[in-house]
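Report on the structure
Below are the chains, spelled out letter by letter.
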Amino acid sequence: MARVVIVGGGVAGLSAGIYCLLDGHSVTVCEQHGDAGGNLTGWQRGEYHIDNCIHWLTGTNRATDTYKMWRDLGALSEGVEIIKNDTLYTCEYRGKRLSLCRDLYKMKRDMLSLAPEDKREIESLIRAVESVAGLCGIAGEQKNKGLSPSRKFTVAPTLLKYWSLTTGELAARFSNKLMRYFLTAMMGDDFGSLALITVFATFCFDNGDLVRGGSFAMAQRMKERFLSLGGELILGQAVTRVDIKDGAASSVKLLDGKSILSDYVILTADPAAVFGKIIDAPMPKQLQKLYDSPRLYRFSSYHCAFACDVEQLPFKGDLMFPISNRYRAILRTDSLIVREFSHEPSYAPKGKNIIQSLTFCNESDARAFIRLRAENREAYKRKKQRLASCIEELLVSRFPEMAGKLRCIDVWTPATYRRFTHSEMGTYMSFAMPSYLVPTRKSNRIAGLENVLLATQWQQLPGGLPTAADTGRAAAATVRSLEKRRSNAKDTQVSHAYAK
């Protein structure tokens, strides 16, 4: 049995811990905050609950390996309700709306009715969604079928077409302006279009749904699973240093000065916040190339949450609509993305609702938030107030029935995420997925350190919850492999000793 110390109690850390415990190891997870879960979290503001993370959870289709992983981790089970909304998001443009529907063929009919001039591109897009679903093993009437080898060969040209396009280039192939907006509103112009098509396939084939209780409840289930297996969870204690001796980690030191002996150390945070900081080693070259690549970029976002005294809201789920030039310079976006939570009645008092806005930030804008908070707290506070006021004005302008019935209860920004995760620019995913790129997984091994491993979403773009959990599972498998090798080496030594 090995002693495994895990730095970080987010999804990757809990996953690595649970799988190491299932292999019989002793596991300690060190988490700097007062609870586990990392960005998979939510918090209370008075009578209202704010959900930070899940817009959809990939892996809710029981036929997938990802569902089985979530079940292993305690995140999903027979007793956890999966919420299957009819739409994932809706785009509004000049009085017309188009939704990403669970029923793919209803969405196709809606698109053809809206934009008959784009029939050829619409039919090609729908075929691509079906093909991706087949590659993921979730196609067919029961949404549990994969493509045959011969069929994979025949769909390759279609998928290569979208692999080579950004979302902006894909949108440019359409004539209808709402169709163009629909294809860029969620991810912007620079994501690879195959990433967007994967989102379509994930949702339409029942593999991307909401989970009852939201982000915080899911994190709590994972924590309880870890503890029930005998894991040790140290909360409120940041790891300040990984002690290295003769090319191996011997212990980790906590903020209070205590040390924990280790046979293996698993690092789960943003590598940019780890290497050269808590561990005296350069970032692995394969990861450094990602950070240095001119084609890859990181992103963050700022959010506003509003208590709403309207019982019946005029939209469902996520709604996206363009904003006027008056607000674009202030909000640094062309669209407003707002989300309601009527599917979670416990999030707001009876007869009321909570609405949250999300605005994506590029690297420059994210760093500006972080810099402003560090240099001038009052100016940072005023900026948050101004953002909230603008978004409230936009909501009231679009929905006059909300006038006088909105109250901002929280604003959080890339600077918030920076403080919470220590990622250098407040990222909560890894890198945006560009065109012409296959998202291969980077190794969890670190050259020169035989017993220090990585389990972090930054190993495979674009990151996210399933990637984080799977890197935790992979790190546990690596520990298993190294322990087996070590055991075989000991057996060999004993055999040689007897032979002598």
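Structure first, text after, so check above.
Now for a look at the structure at hand. Here the structure is a predicted model, which is why all the values come from computation and not from measurement. (Residues numbered from 1 in each chain as written. Predicted model: local features only at pLDDT ≥ 70, side-chain atom pairs only at ≥ 80, totals over all residues. Heavy atoms only, no water.)

1. Considerations on the sheet that holds strand S19 (residues 406–412)
One key point about sheets: their strands pair by backbone hydrogen bonds, in either a parallel or an antiparallel sense. Pairing in this open sheet of seven strands is mixed, and the strands run S8-S7-S16-S17-S18-S15-S19 from one edge to the other. If you trace the sheet from one side to the other, it starts and ends with strand S8 (96–101) and S19, each paired once. Taking the axes of each pair of neighbouring strands and ignoring which way they run, one obtains an average angle of 25° across the sheet. Here strand S15 (residues 300–308) pairs with strand S18 (residues 353–361) via nine bridges, running antiparallel. Within the sheet, the bridge partner assigned to Ser 300 lies in S18 and is Cys 361. Its contacts with the sheet put helix H8 (residues 193–204) on strand S7 (87–93) and S8, and the angle it makes with S8 is roughly 70°. (Pairing = 2+ DSSP bridges. Helix = DSSP H or I, 4+ residues; strand = E, 2+ residues; numbered from the N terminus. Axes fitted to C-alpha atoms, helices over the stretch in contact; angles between N-to-C directions. Contact = heavy atoms within 4.5 Å.)

2. Examining the pairing of strand S2 (residues 26–31)
Summarising burial for S2: five of the six residues are buried, a large majority. One ladder, built from five bridges, connects strand S1 (residues 3–7) with S2; its direction is parallel. Pairing of Val 4 across the sheet is with Val 27, part of S2. With helix H1 (residues 11–22) bridging S1 and its parallel neighbour S2, the resulting β-α-β unit is right-handed. (Buried < 20%, exposed > 50% of the residue type's maximum accessible area, 1.4 Å probe, protein only. Right-handed = clockwise from strand over helix to strand, strands pointing away.)

3. Topic: the packing of aromatic side chains
Counted by the stated rule, this structure contains 13 aromatic pairs. Through a chain of ring-to-ring contacts, the aromatic side chains of Phe 191, Phe 299, Phe 360, Tyr 417 and Tyr 428 assemble into a single cluster. Over the ring of Phe 205 we find Lys 143, and its NZ or CZ is 6.0 Å from the ring centre. A cation over an aromatic ring shows up here: Lys 383 above the ring of Phe 369, its NZ or CZ 4.1 Å from the ring centre. (Phe/Tyr/Trp six-rings, centres within 6.5 Å; stacked < 30°, edge-to-face > 60°. Lys NZ or Arg CZ within 6 Å of the ring centre and 35° of its normal.)

4. Examining the pairing of strand S11 (residues 239–245)
Bridge count for S11 against strand S12 (residues 248–254) is six bridges, and the pairing is antiparallel. Its bridge partner lying in S12, Ile 244 is registered against Ala 249. Counting the residues that bridge the hairpin from S11 to S12 gives two residues, and of these Asp 246 lies at a positive phi of roughly 55°.

5. Here's the deal with the environment of Ser 259
You can see Ser 259 is positioned in strand S13 (residues 259–261). Overall, the relative accessible area of 45% leaves Ser 259 in the partly exposed class. With 39 residues separating them along the chain, Ser 259 and Arg 298 place their C-alpha atoms 34 Å apart. Leaving out residues up to four positions away in the same chain, Ser 259 has contacts with Asp 243, Ser 251, Val 252 and Lys 253.

6. Some details on the sheet that holds S1
Read from one edge to the other, the open sheet built from six strands follows the order S10-S2-S1-S14-S21-S20, with strand pairing classed as mixed. The open sheet terminates on both sides in strands that have one partner only, identified here as strand S10 (232–235) and strand S20 (445–446). In this structure, S20 lies alongside strand S21 (residues 449–454), joined through two bridges in antiparallel fashion. By the bridge assignment, Ile 446 is partnered in S21 with Leu 449. Sitting on the sheet, helix H9 (residues 214–228) is in contact with S2 and S10, with an inclination near 130° to S10.

7. Describing the environment of Glu 169
Note that Glu 169 resides in helix H6 (residues 167–171). Note on Glu 169: relative accessible area 40%, which makes it partly exposed. The spatial distance from the C-alpha of Glu 169 to the C-alpha of Arg 295 is 16 Å, given a sequence separation of 126 residues. From its side chain, Glu 169 meets the backbone nitrogen of Thr 166 in a polar contact 2.9 Å long. (Polar contact = N/O pair within 3.5 Å; in protein donor to acceptor, adjacent residues only side chain to side chain.)

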